[in-house]
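Coordinate analysis (summary)
Spelled out from the first residue to the last, the chains are:
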Amino acid sequence: MKHHGFDTAAAWQTTRRSWLLACAGLLAGVWGLQANPALAQEFPPKKNVTMVVGFVAGGAADMGARIIAKRLGENLGISVTVENKAGAGGNIAHQFTASGPADGSVLLLGSVGPLAIAPHLMKLPYDPVKDLAPLTMAVNFPNVLVVHAGAGIKTFAEFLANARKSPGTITFASTGPGSASHLAGELVNDMANLDTVHVPYKGGAAALQDVLGGRVTGWYATMATAAPHIEAGKLIPLASTGAQRVASLPKVPTIAESGLTGFNATNWYAFVASSKVPKPLLDRWNTELVKVLTTPEVVDQLNKHGLTPMPGSRDELARYMAADTAMWGRVIRERKIVAE
């Protein structure tokens with residue numbers, strides 16, 4: 001039908017097509033947001049960001065987290081709060097993060113124990129691979145094998161010689177079964193075919209006292225704990241457990257340099273988040289965390305606490321975690337290590 005030269009039927013069809021196309025576009029947008037929630041989310045999250053740590057305040061993990069959180073908040077113009085959720089060797093914090101929100105507002109400075117060791121020792125309420133998504137490696141640091149000054153052992157070679165001469169008489173302390181200090185000693189036993197005896201403690205303070213008192217021969221200790229007693233001459237450093245020498249102990253060789261080629265057992269902390277967080281947000285967190293971890297001022301601050309920044313890609317962290325998980329799984333099986 002035409003009205004004053006205007007085809008109203010054609011106009012209606014055109015209007016109808018426009019309306020349908022508009023609806024289709026709106027629905028596609030809605031479906032797109034549902035399929036990819038990250039499109040509906042802003043970065044950084046509007047609410048405060050929490051950086052979870054699985055240990056008490058004042059330790060290496062806590063100090064590192066606070067240094068990183070401060071710069072991260074400054075870079076993004078947001079509040080990044082460090083929250084200590086200590087207990088169960090860090091597993092409580094990891095479970096909390098795994099079951100946390102999917103909006104990217106919770107980051108975890110995870111550790112080698114819950115992420116690579118604990119799965120071989122106990123049934124966990126979370127799966128480190130399925131429930132936690134890697135963001136970036138944060139820092140690593142070696143332990144240092146120290147013995148009490150009265151042990152009569154001055155070098156790692158002497159430590160090996162004494163252990164082989166009198167199997168079962170050399171003892172080493174740890175902060176508990178499956179801890180980094182325990183597994184470093186078991187890896188030495190495995191690679192050197194030794195029979196040094198593990199003496200577990202419930203914490204570093206008790207272990208330190210018995211090593212200083214000569215009730216235990218040695219300890220694969222953190223530098224933060226051992227340094228004052230090394231300086232005082234009460235502990236003798238024999239070798240470090242990492243691939244490179246400790247900067248503050250340049251004359252002390254690594255275990256790998258001292259006869260166990262390829263030995264490398266370091267503590268490490270890595271950033272992870274809930275696997276429910278959409279990939280675009282995980283990728284953004286990787287970018288921002290790597291930026292912080294490569295800032296010279298942050299690097300210097302972390303180094304002062306004996307922490308070496310090791311930022312990298314998400315895939316690199318996933319591969320590192322898989323390799324460490326496989327290595328410690330083998331050691332735990334072969335040495336028949338069980339949790340208390």
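Note: the structure precedes this text.
Residues numbered from 1 in each chain as written. Predicted model: local features only at pLDDT ≥ 70, side-chain atom pairs only at ≥ 80, totals over all residues. Heavy atoms only, no water.

**What to know about the overall build of the protein**
Just so we agree on the cut-off: The way it works is that DSSP assigns letters per residue, a run of H or I at least four long becomes a helix, a run of E at least two long becomes a strand, and they are numbered from the N terminus. A simple rule labels every residue: compare its accessible area, found with a 1.4 Å probe on the protein chains alone, to the largest value its type can have, and call it buried under 20%, exposed over 50%, or partly exposed in between. Residue contacts follow a heavy-atom distance rule, with two residues in contact if any of their heavy atoms lie within 4.5 Å. Computed with the Shrake-Rupley method and a 1.4 Å probe, the accessible areas treat only the protein chains shown as cover for residues.
Scanning the protein from N- to C-terminus turns up 11 helices and 12 strands. In the protein, which comprises 340 residues, the share counted as buried stands at 46%. In the protein, once contacts between residues fewer than 6 apart in sequence are set aside, the share between residues at least 24 apart is 75%. Accessible surface for the protein amounts to roughly 16,300 Å². Of this, 57% is attributable to carbon and sulfur atoms.

**Digging into helix α5 (residues 156-165)**
Condition: For this quantity, the arc is that covered by the directions from the helix axis to the C-beta atoms.
Regarding α5, the residues found buried are F156, F159, L160 and A163. Buried residues along α5 cover an arc of 95° about the axis, so they all sit on one side. Opposite the packed face of α5, turned more than 90 degrees from it, sit the exposed residues A157 and K165. Buried positions along α5 lie against β6 (132-148), α6 (180-192), β9 (218-222) and β10 (235-240).

**Regarding α6**
For clarity, the threshold we go by: To estimate the expected span of a helix, subtract one from its residue number and multiply by 1.5 Å.
For α6, which comprises 13 residues, the first-to-last C-alpha distance of 18 Å matches the rise-based estimate of 18 Å (1.5 Å per residue) to within 8%. The element α6 is largely enclosed, with a buried count of 10 among its 13 residues. Three or more residues of α6 are buried, namely S181, H182, L183, A184, G185, E186, L187, V188, N189 and A192. Two residues or fewer after α6 comes N193, characterised by a positive phi angle close to 55°.

**Section: the environment of F43**
Mapping F43 onto the fold places it in the loop between α1 (8-35) and β3 (49-53). Residue classification places F43 among the buried residues on the basis of a relative accessible area of 19%. Between the C-alpha atom of F43 and that of L76, which follows or precedes it by 33 residues, the distance is 9.3 Å.

**Concerning the packing of α6 against helix α11 (residues 314-334)**
Note the cut-off: Axis angles are defined between N-to-C directions and span 0 to 180 degrees, where every axis is a line fitted to C-alpha atoms and, for a helix, only to the segment in contact. Note on terminology: angles under 35 degrees are roughly parallel, angles over 145 are roughly antiparallel, angles of 65 to 115 are roughly perpendicular, and the others are oblique.
It is the contact of α6 with α11, at a shortest axis distance of 10 Å, that shows an interaxial angle of 70°. Looking at the two axes, α6 sits roughly perpendicular to α11. Judged by residue contacts, L183, A184, E186, L187 and D190 of α6 engage M327, W328, R330, V331, I332 and E334 from α11.

**A few points about the pairing of β10**
Remember that side chains alternate between the two faces of the sheet whenever the strand is regular. This is how it is decided: At least two DSSP bridges between two strands are required for those strands to pair.
Here β10 lies mainly inside the structure; 6 of its 6 residues are buried. Judged from the 5 bridges that link them, β6 and β10 form a sheet pairing that is antiparallel. Across the sheet, V147 pairs through a bridge with I236, a residue of β10.

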